Amino acid sequence: MSHHLPHLHVHRGREWRQRNQKQGQNRAQMKPEEDQRHDKQTVPKGTCQTMCPAHELRARERQKRLHRFEILQGTENERCPRGDPLHAVKEYSRPAAGKDATNPADLRPTPVLLKTVCYLINDVAASPDLHPWTEVYSFVFDRLRAVKQDMIIQRVSGPDCVSILERAVRFLVYASFRLCGEPLGLYDPSINDTHLQENLSWLLDCYAVGTESYPNQEEFQALGLLYNLGSSRAAQHIMELPERLRSGPTIRLALSINRAFRERNPVRLLRLAHKLNFLQYCALHRHLVTCRRDLLLVYSHGYSSRNCCFSLDNLALLLFLDKSLTAQLCRSHGVEVTKDNHVVFSKSAFTEPEQGKTQCKLYHSTVVEKQRDLDVGSIIDGSA
(Lines give C-alpha, C1' and ligand atoms only; values in the text may rest on other atoms or scores of the structure.)
Protein backbone atom coordinates (compact mmCIF):
# COMPACT_ATOMS: atom_id res chain seq x y z
CA MET A 1 0.00 0.00 0.00
CA SER A 2 1.33 3.44 -0.82
CA HIS A 3 2.25 5.80 1.97
CA HIS A 4 3.24 9.39 1.31
CA LEU A 5 3.38 11.11 4.68
CA PRO A 6 5.50 8.55 6.59
CA HIS A 7 8.43 9.24 4.28
CA LEU A 8 8.53 12.96 4.94
CA HIS A 9 10.64 12.48 8.05
CA VAL A 10 13.17 10.55 5.97
CA HIS A 11 13.53 13.31 3.42
CA ARG A 12 13.72 15.90 6.18
CA GLY A 13 16.41 13.74 7.73
CA ARG A 14 18.28 13.75 4.46
CA GLU A 15 18.00 17.52 4.24
CA TRP A 16 19.21 17.77 7.83
CA ARG A 17 22.21 15.59 6.98
CA GLN A 18 22.99 17.61 3.89
CA ARG A 19 22.81 20.89 5.85
CA ASN A 20 25.11 19.51 8.49
CA GLN A 21 27.53 18.23 5.87
CA LYS A 22 27.69 21.70 4.33
CA GLN A 23 28.16 23.29 7.73
CA GLY A 24 30.91 20.80 8.50
CA GLN A 25 32.61 21.56 5.20
CA ASN A 26 32.42 25.29 5.92
CA ARG A 27 33.85 24.78 9.40
CA ALA A 28 36.63 22.64 7.96
CA GLN A 29 37.52 25.36 5.47
CA MET A 30 37.85 27.89 8.27
CA LYS A 31 40.11 25.69 10.45
CA PRO A 32 43.90 25.91 10.26
CA GLU A 33 45.49 23.02 8.36
CA GLU A 34 46.96 21.53 11.53
CA ASP A 35 43.47 21.36 13.10
CA GLN A 36 42.13 19.55 10.06
CA ARG A 37 45.01 17.06 10.28
CA HIS A 38 44.23 16.58 13.97
CA ASP A 39 40.57 15.81 13.13
CA LYS A 40 41.68 13.09 10.71
CA GLN A 41 44.01 11.61 13.32
CA THR A 42 41.27 11.45 15.96
CA VAL A 43 38.91 9.36 13.80
CA PRO A 44 39.28 5.87 15.28
CA LYS A 45 40.51 3.09 13.02
CA GLY A 46 39.40 -0.42 13.87
CA THR A 47 41.91 -3.20 14.51
CA CYS A 48 39.50 -6.10 15.19
CA GLN A 49 40.13 -8.74 12.53
CA THR A 50 37.23 -11.01 13.45
CA MET A 51 33.50 -10.57 12.90
CA CYS A 52 33.02 -10.38 16.68
CA PRO A 53 35.57 -8.86 19.11
CA ALA A 54 37.08 -11.58 21.31
CA HIS A 55 36.12 -9.93 24.61
CA GLU A 56 32.48 -9.54 23.47
CA LEU A 57 32.36 -13.20 22.48
CA ARG A 58 33.68 -14.27 25.91
CA ALA A 59 31.25 -11.94 27.70
CA ARG A 60 28.26 -13.25 25.77
CA GLU A 61 29.36 -16.82 26.47
CA ARG A 62 29.38 -16.11 30.21
CA GLN A 63 26.03 -14.31 30.02
CA LYS A 64 24.49 -17.03 27.83
CA ARG A 65 23.61 -14.42 25.20
CA LEU A 66 24.91 -16.24 22.16
CA HIS A 67 22.46 -16.61 19.31
CA ARG A 68 21.96 -20.21 18.24
CA PHE A 69 23.53 -19.33 14.87
CA GLU A 70 26.76 -18.48 16.72
CA ILE A 71 27.15 -21.50 19.00
CA LEU A 72 30.05 -23.88 18.40
CA GLN A 73 28.69 -27.14 17.09
CA GLY A 74 28.72 -29.87 19.73
CA THR A 75 28.49 -27.48 22.69
CA GLU A 76 24.80 -26.66 22.37
CA ASN A 77 23.83 -28.75 25.40
CA GLU A 78 26.63 -27.60 27.69
CA ARG A 79 25.80 -25.40 30.67
CA CYS A 80 27.50 -22.48 28.92
CA PRO A 81 27.58 -23.16 25.18
CA ARG A 82 30.72 -21.85 23.51
CA GLY A 83 30.76 -19.37 20.69
CA ASP A 84 32.14 -20.25 17.28
CA PRO A 85 34.71 -17.56 16.32
CA LEU A 86 33.96 -18.27 12.66
CA HIS A 87 30.21 -17.67 13.04
CA ALA A 88 29.86 -15.19 15.90
CA VAL A 89 29.07 -11.64 14.78
CA LYS A 90 29.25 -8.44 16.82
CA GLU A 91 25.79 -7.54 18.05
CA TYR A 92 24.30 -4.06 18.03
CA SER A 93 24.40 -2.17 21.32
CA ARG A 94 23.01 1.26 22.00
CA PRO A 95 25.56 3.94 22.90
CA ALA A 96 25.68 4.18 26.70
CA ALA A 97 27.04 6.86 29.01
CA GLY A 98 30.56 6.02 30.15
CA LYS A 99 31.03 3.35 27.51
CA ASP A 100 33.84 3.92 25.02
CA ALA A 101 32.49 3.05 21.58
CA THR A 102 35.68 4.18 19.84
CA ASN A 103 38.09 1.54 21.16
CA PRO A 104 39.96 0.36 18.03
CA ALA A 105 40.03 -3.23 19.36
CA ASP A 106 36.21 -3.27 19.26
CA LEU A 107 35.92 -1.74 15.79
CA ARG A 108 36.22 -3.76 12.62
CA PRO A 109 38.13 -2.14 9.73
CA THR A 110 36.32 -1.76 6.43
CA PRO A 111 37.54 -5.02 4.80
CA VAL A 112 36.35 -6.98 7.86
CA LEU A 113 32.99 -5.17 7.79
CA LEU A 114 32.53 -6.10 4.13
CA LYS A 115 33.51 -9.70 4.88
CA THR A 116 30.99 -9.71 7.75
CA VAL A 117 28.17 -8.45 5.53
CA CYS A 118 28.96 -11.04 2.86
CA TYR A 119 28.84 -13.74 5.55
CA LEU A 120 25.49 -12.47 6.87
CA ILE A 121 24.00 -12.48 3.37
CA ASN A 122 25.53 -15.60 1.82
CA ASP A 123 25.84 -17.90 4.85
CA VAL A 124 22.91 -16.80 7.01
CA ALA A 125 20.18 -15.01 5.03
CA ALA A 126 20.62 -17.28 2.00
CA SER A 127 21.03 -20.53 3.94
CA PRO A 128 18.39 -23.15 3.05
CA ASP A 129 18.97 -24.82 6.43
CA LEU A 130 18.26 -21.94 8.82
CA HIS A 131 14.61 -21.54 9.83
CA PRO A 132 12.34 -19.73 10.42
CA TRP A 133 13.28 -16.81 8.17
CA THR A 134 11.78 -14.35 10.66
CA GLU A 135 14.56 -15.39 13.05
CA VAL A 136 17.14 -15.25 10.27
CA TYR A 137 15.96 -11.73 9.47
CA SER A 138 16.09 -10.63 13.11
CA PHE A 139 19.68 -11.89 13.47
CA VAL A 140 20.93 -10.37 10.21
CA PHE A 141 19.07 -7.09 10.83
CA ASP A 142 20.69 -6.67 14.26
CA ARG A 143 24.19 -7.52 13.02
CA LEU A 144 23.85 -5.15 10.07
CA ARG A 145 23.00 -2.37 12.55
CA ALA A 146 26.27 -3.14 14.34
CA VAL A 147 28.13 -2.96 11.02
CA LYS A 148 26.54 0.40 10.31
CA GLN A 149 27.52 1.61 13.79
CA ASP A 150 31.18 0.69 13.18
CA MET A 151 31.05 2.45 9.81
CA ILE A 152 29.69 5.67 11.29
CA ILE A 153 32.25 5.78 14.11
CA GLN A 154 35.10 5.28 11.63
CA ARG A 155 33.56 7.59 9.00
CA VAL A 156 33.82 4.86 6.38
CA SER A 157 33.39 6.02 2.79
CA GLY A 158 34.28 5.01 -0.74
CA PRO A 159 33.70 1.82 -2.75
CA ASP A 160 33.67 -0.58 0.23
CA CYS A 161 31.10 1.60 2.00
CA VAL A 162 28.95 1.51 -1.14
CA SER A 163 29.31 -2.28 -1.43
CA ILE A 164 28.13 -2.71 2.18
CA LEU A 165 25.20 -0.32 1.82
CA GLU A 166 24.06 -1.87 -1.46
CA ARG A 167 23.81 -5.30 0.16
CA ALA A 168 22.03 -3.86 3.20
CA VAL A 169 19.46 -2.08 1.02
CA ARG A 170 18.80 -5.20 -1.07
CA PHE A 171 18.35 -7.25 2.11
CA LEU A 172 15.86 -4.79 3.59
CA VAL A 173 13.92 -4.44 0.31
CA TYR A 174 13.71 -8.22 -0.02
CA ALA A 175 12.63 -8.56 3.63
CA SER A 176 9.88 -5.96 3.12
CA PHE A 177 8.32 -8.35 0.61
CA ARG A 178 9.11 -11.73 2.12
CA LEU A 179 7.97 -10.82 5.64
CA CYS A 180 5.01 -8.68 4.60
CA GLY A 181 2.03 -9.59 6.78
CA GLU A 182 4.02 -11.36 9.52
CA PRO A 183 2.93 -10.66 13.12
CA LEU A 184 4.40 -7.45 14.55
CA GLY A 185 6.21 -9.43 17.22
CA LEU A 186 8.25 -11.14 14.48
CA TYR A 187 8.60 -8.35 11.92
CA ASP A 188 7.86 -4.63 12.17
CA PRO A 189 7.49 -3.06 8.69
CA SER A 190 7.82 0.44 10.14
CA ILE A 191 11.21 -0.29 11.69
CA ASN A 192 12.37 -2.04 8.52
CA ASP A 193 11.23 0.96 6.48
CA THR A 194 13.12 3.41 8.72
CA HIS A 195 16.39 1.52 8.36
CA LEU A 196 15.87 0.94 4.65
CA GLN A 197 15.34 4.66 4.08
CA GLU A 198 18.40 5.58 6.17
CA ASN A 199 20.66 3.12 4.35
CA LEU A 200 19.29 4.17 0.97
CA SER A 201 19.76 7.85 1.78
CA TRP A 202 23.36 7.23 2.84
CA LEU A 203 24.00 5.16 -0.29
CA LEU A 204 22.62 7.85 -2.62
CA ASP A 205 24.74 10.44 -0.80
CA CYS A 206 27.81 8.25 -1.43
CA TYR A 207 26.98 8.14 -5.14
CA ALA A 208 26.58 11.94 -5.19
CA VAL A 209 29.88 12.84 -3.51
CA GLY A 210 32.04 10.03 -4.84
CA THR A 211 34.33 10.39 -7.83
CA GLU A 212 34.36 6.66 -8.53
CA SER A 213 32.18 4.97 -11.13
CA TYR A 214 29.60 2.79 -9.40
CA PRO A 215 28.21 0.14 -11.76
CA ASN A 216 25.09 -0.52 -9.63
CA GLN A 217 24.03 3.10 -9.28
CA GLU A 218 21.24 2.94 -11.87
CA GLU A 219 19.77 -0.11 -10.09
CA PHE A 220 19.60 1.63 -6.72
CA GLN A 221 18.40 4.98 -8.02
CA ALA A 222 15.49 3.10 -9.60
CA LEU A 223 14.87 1.01 -6.47
CA GLY A 224 14.69 4.20 -4.41
CA LEU A 225 12.05 5.67 -6.72
CA LEU A 226 9.98 2.47 -6.89
CA TYR A 227 10.03 2.09 -3.13
CA ASN A 228 9.05 5.74 -2.59
CA LEU A 229 6.54 5.79 -5.43
CA GLY A 230 4.61 9.05 -5.67
CA SER A 231 7.16 11.05 -3.67
CA SER A 232 7.85 14.35 -5.41
CA ARG A 233 11.22 14.57 -3.66
CA ALA A 234 12.27 11.13 -4.89
CA ALA A 235 11.26 12.07 -8.45
CA GLN A 236 13.05 15.41 -8.19
CA HIS A 237 16.20 13.62 -7.05
CA ILE A 238 16.07 11.42 -10.15
CA MET A 239 15.56 14.41 -12.44
CA GLU A 240 18.70 16.03 -11.02
CA LEU A 241 20.87 13.05 -11.96
CA PRO A 242 23.25 13.32 -14.93
CA GLU A 243 21.54 12.72 -18.26
CA ARG A 244 23.60 9.59 -19.04
CA LEU A 245 22.33 8.00 -15.83
CA ARG A 246 18.78 9.31 -16.00
CA SER A 247 18.32 8.00 -19.53
CA GLY A 248 19.21 4.42 -18.58
CA PRO A 249 16.45 1.84 -19.23
CA THR A 250 16.01 0.90 -15.56
CA ILE A 251 15.50 4.47 -14.41
CA ARG A 252 13.27 5.31 -17.39
CA LEU A 253 11.01 2.38 -16.50
CA ALA A 254 10.87 3.49 -12.85
CA LEU A 255 10.02 7.05 -13.95
CA SER A 256 7.22 5.76 -16.19
CA ILE A 257 5.75 3.73 -13.33
CA ASN A 258 6.01 6.72 -11.00
CA ARG A 259 4.26 8.93 -13.57
CA ALA A 260 1.43 6.39 -13.92
CA PHE A 261 1.09 6.28 -10.13
CA ARG A 262 0.91 10.08 -9.81
CA GLU A 263 -1.62 10.25 -12.65
CA ARG A 264 -3.76 7.55 -10.97
CA ASN A 265 -3.45 5.35 -14.03
CA PRO A 266 -3.42 1.84 -12.49
CA VAL A 267 -3.82 0.02 -15.82
CA ARG A 268 -0.63 1.52 -17.22
CA LEU A 269 1.21 1.06 -13.92
CA LEU A 270 0.42 -2.64 -13.68
CA ARG A 271 1.24 -3.19 -17.36
CA LEU A 272 4.66 -1.59 -16.80
CA ALA A 273 5.17 -3.59 -13.60
CA HIS A 274 5.35 -6.77 -15.70
CA LYS A 275 8.76 -5.55 -16.93
CA LEU A 276 10.30 -5.31 -13.45
CA ASN A 277 12.73 -7.88 -12.11
CA PHE A 278 12.03 -9.60 -8.81
CA LEU A 279 13.83 -7.19 -6.46
CA GLN A 280 12.31 -4.16 -8.22
CA TYR A 281 8.90 -5.74 -7.73
CA CYS A 282 9.72 -6.22 -4.05
CA ALA A 283 10.32 -2.47 -3.83
CA LEU A 284 7.07 -1.70 -5.66
CA HIS A 285 4.78 -4.30 -4.12
CA ARG A 286 3.59 -2.32 -1.08
CA HIS A 287 1.90 0.20 -3.41
CA LEU A 288 -0.11 -2.42 -5.30
CA VAL A 289 -3.03 -2.82 -2.90
CA THR A 290 -3.99 0.81 -3.53
CA CYS A 291 -3.26 0.49 -7.25
CA ARG A 292 -5.53 -2.54 -7.68
CA ARG A 293 -8.25 -0.93 -5.62
CA ASP A 294 -8.06 2.15 -7.89
CA LEU A 295 -8.36 -0.03 -11.00
CA LEU A 296 -11.52 -1.71 -9.71
CA LEU A 297 -12.97 1.69 -8.79
CA VAL A 298 -12.25 3.13 -12.25
CA TYR A 299 -13.77 0.11 -13.97
CA SER A 300 -16.78 0.13 -11.64
CA HIS A 301 -17.60 3.57 -13.02
CA GLY A 302 -16.47 3.02 -16.62
CA TYR A 303 -18.23 -0.32 -17.12
CA SER A 304 -21.20 0.22 -14.81
CA SER A 305 -23.97 -1.67 -16.59
CA ARG A 306 -25.85 -4.92 -16.05
CA ASN A 307 -25.56 -5.57 -19.76
CA CYS A 308 -21.77 -5.10 -19.78
CA CYS A 309 -19.78 -8.15 -18.70
CA PHE A 310 -16.02 -8.08 -18.41
CA SER A 311 -13.94 -11.24 -18.78
CA LEU A 312 -12.39 -12.43 -15.52
CA ASP A 313 -9.38 -13.69 -17.49
CA ASN A 314 -8.75 -10.23 -18.93
CA LEU A 315 -9.17 -8.57 -15.55
CA ALA A 316 -6.70 -11.05 -14.02
CA LEU A 317 -4.13 -10.03 -16.64
CA LEU A 318 -4.72 -6.35 -15.91
CA LEU A 319 -4.40 -6.86 -12.16
CA PHE A 320 -1.34 -9.11 -12.50
CA LEU A 321 -3.09 -11.81 -10.44
CA ASP A 322 -4.35 -15.31 -11.09
CA LYS A 323 -8.09 -15.85 -11.62
CA SER A 324 -8.93 -17.06 -8.12
CA LEU A 325 -7.20 -14.10 -6.45
CA THR A 326 -8.82 -11.72 -8.95
CA ALA A 327 -12.27 -13.08 -8.08
CA GLN A 328 -11.45 -12.84 -4.38
CA LEU A 329 -10.32 -9.22 -4.76
CA CYS A 330 -13.44 -8.32 -6.75
CA ARG A 331 -15.80 -9.77 -4.16
CA SER A 332 -14.00 -7.99 -1.31
CA HIS A 333 -14.81 -4.70 -3.12
CA GLY A 334 -18.43 -5.59 -3.82
CA VAL A 335 -17.77 -6.38 -7.49
CA GLU A 336 -19.86 -9.30 -8.72
CA VAL A 337 -18.21 -12.33 -10.37
CA THR A 338 -20.65 -14.63 -12.20
CA LYS A 339 -20.51 -18.42 -12.36
CA ASP A 340 -19.33 -18.26 -15.99
CA ASN A 341 -16.29 -16.16 -14.98
CA HIS A 342 -17.51 -12.73 -15.97
CA VAL A 343 -17.21 -9.57 -13.89
CA VAL A 344 -20.20 -7.24 -13.52
CA PHE A 345 -19.13 -3.76 -12.56
CA SER A 346 -21.46 -1.31 -10.82
CA LYS A 347 -20.50 2.06 -9.41
CA SER A 348 -23.23 1.78 -6.77
CA ALA A 349 -22.08 -1.68 -5.66
CA PHE A 350 -18.40 -0.81 -5.23
CA THR A 351 -17.42 -0.82 -1.54
CA GLU A 352 -14.27 -0.45 0.47
CA PRO A 353 -13.34 -3.86 1.87
CA GLU A 354 -13.38 -4.87 5.50
CA GLN A 355 -10.08 -4.48 7.29
CA GLY A 356 -7.84 -7.45 6.57
CA LYS A 357 -9.72 -8.59 3.46
CA THR A 358 -7.11 -7.11 1.09
CA GLN A 359 -3.95 -7.82 3.05
CA CYS A 360 -1.00 -7.36 0.74
CA LYS A 361 0.42 -10.80 1.55
CA LEU A 362 -2.69 -12.51 0.18
CA TYR A 363 -1.78 -11.33 -3.32
CA HIS A 364 1.93 -12.23 -3.45
CA SER A 365 1.67 -15.46 -5.44
CA THR A 366 2.26 -14.01 -8.91
CA VAL A 367 5.34 -12.12 -7.71
CA VAL A 368 6.80 -15.28 -6.19
CA GLU A 369 6.79 -16.70 -9.72
CA LYS A 370 9.45 -14.13 -10.62
CA GLN A 371 11.67 -15.64 -7.91
CA ARG A 372 11.30 -19.21 -9.20
CA ASP A 373 14.91 -19.61 -10.40
CA LEU A 374 16.54 -17.16 -7.97
CA ASP A 375 18.12 -17.93 -4.62
CA VAL A 376 18.17 -15.43 -1.78
CA GLY A 377 21.95 -15.02 -1.92
CA SER A 378 21.99 -14.00 -5.60
CA ILE A 379 19.08 -11.59 -5.06
CA ILE A 380 20.76 -9.74 -2.18
CA ASP A 381 24.32 -10.08 -3.45
CA GLY A 382 23.31 -8.50 -6.74
CA SER A 383 24.31 -11.40 -8.98
CA ALA A 384 20.72 -12.33 -9.93
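Calculation criteria
For every chain, the first residue of the written sequence is number 1, and numbering continues from 1 onward in sequence order. In keeping with the model being predicted, local features are shown solely for residues with a pLDDT of at least 70 and side-chain atom pairs are shown and tallied solely at 80 or more, while totals for entire chains, interfaces and linings include all residues. Hydrogens are left out, water is left out, and the side-chain values use all remaining heavy atoms of the structure. Each axis is a line fitted through C-alpha atoms, taken for helices only over the stretch in contact, and angles between the N-to-C directions span 0 to 180 degrees. Numbering of helices and strands runs from the N terminus, with a helix taken as a DSSP run of H or I at least four residues long and a strand as a DSSP run of E at least two residues long. Any angle from 65 to 115 degrees is called roughly perpendicular, while one under 35 is roughly parallel, one over 145 is roughly antiparallel, and all others are oblique. Should the near helix be turned anticlockwise from the far one by less than a right angle, the crossing is left-handed, and should it be turned clockwise, the crossing is right-handed. Residue contacts are defined here by distance: any two heavy atoms, one from each residue, within 4.5 Å place the two residues in contact. Basically, the charged four are Asp, Glu, Lys and Arg, the nonpolar ten are Ala, Val, Leu, Ile, Met, Phe, Trp, Tyr, Cys and Pro, and anything else, Gly included, counts as polar. Each patch is built from salt-bridge-free residues with over 30% relative accessible area, joining like charges within 9 Å and nonpolar side chains (Val, Leu, Ile, Met, Phe, Trp, Tyr) within 5 Å. The protein chains shown are the only cover counted for residues, whose accessible areas, like all others here, come from Shrake-Rupley with a 1.4 Å probe. Salt bridges are defined as contacts in which a side-chain nitrogen from Lys or Arg sits within 4 Å of a carboxyl oxygen from Asp or Glu. Working convention for charge: Lys and Arg count positive, Asp and Glu count negative, and His plus the chain ends are omitted. Here the site of a charge means NZ on Lys, CZ on Arg, CG on Asp, or CD on Glu. Throughout this description, buried means an accessible area under 20% of the type-specific maximum (1.4 Å probe, protein chains only), exposed means over 50%, and partly exposed covers the range between.

A.B. asks: It is not clear to me how the packing of helix H7 (residues 189-209) against helix H8 (residues 217-227) should be interpreted in this structure. Could you clarify?
C.D. replies: Between two packed helices, both the angle of their axes relative to each other and the distance between the axes serve to describe the pair. Packing of H7 against H8 leaves a shortest axis separation of 11 Å and a crossing angle of 140°. Taken together, the axes of H7 and H8 lie oblique to each other. Between H7 and H8 lies a crossing whose hand is left-handed. Contacts between H7 and H8 involve Asp193, Leu196, Gln197, Leu200, Leu203, Leu204 and Tyr207 from the former and Gln217, Phe220, Gln221, Gly224 and Tyr227 from the latter. Partitioned by chemical class, the residues of the contact of H7 with H8 number seven nonpolar, four polar and one charged.

A.B. asks: In this structure, what is going on with a positive patch on the surface? I would like to understand it.
C.D. replies: A cluster of basic residues, Arg259, Arg268, Arg271 and Lys275, forms a positive patch on the protein surface. On the basis of relative accessibility, which here comes to 60%, the residue lysine 275 falls in the exposed class.

A.B. asks: Looking at this structure, I do not really get the packing of helix H11 (residues 249-262) against helix H12 (residues 266-273). What am I missing?
C.D. replies: Running from N to C, H11 and H12 cross one another at 155°; their axes reach a closest spacing of 8 Å. If you check the angle between H11 and H12, you find them roughly antiparallel. Relative to H12, H11 is oriented so that their crossing is left-handed. Residues Leu253, Ser256, Ile257, Ala260 and Phe261 of H11 form the contact with H12, whose participating residues are Arg268, Leu269, Leu272 and Ala273. Residues belonging to the contact of H11 with H12 are distributed by class as follows: seven nonpolar, one polar and one charged.

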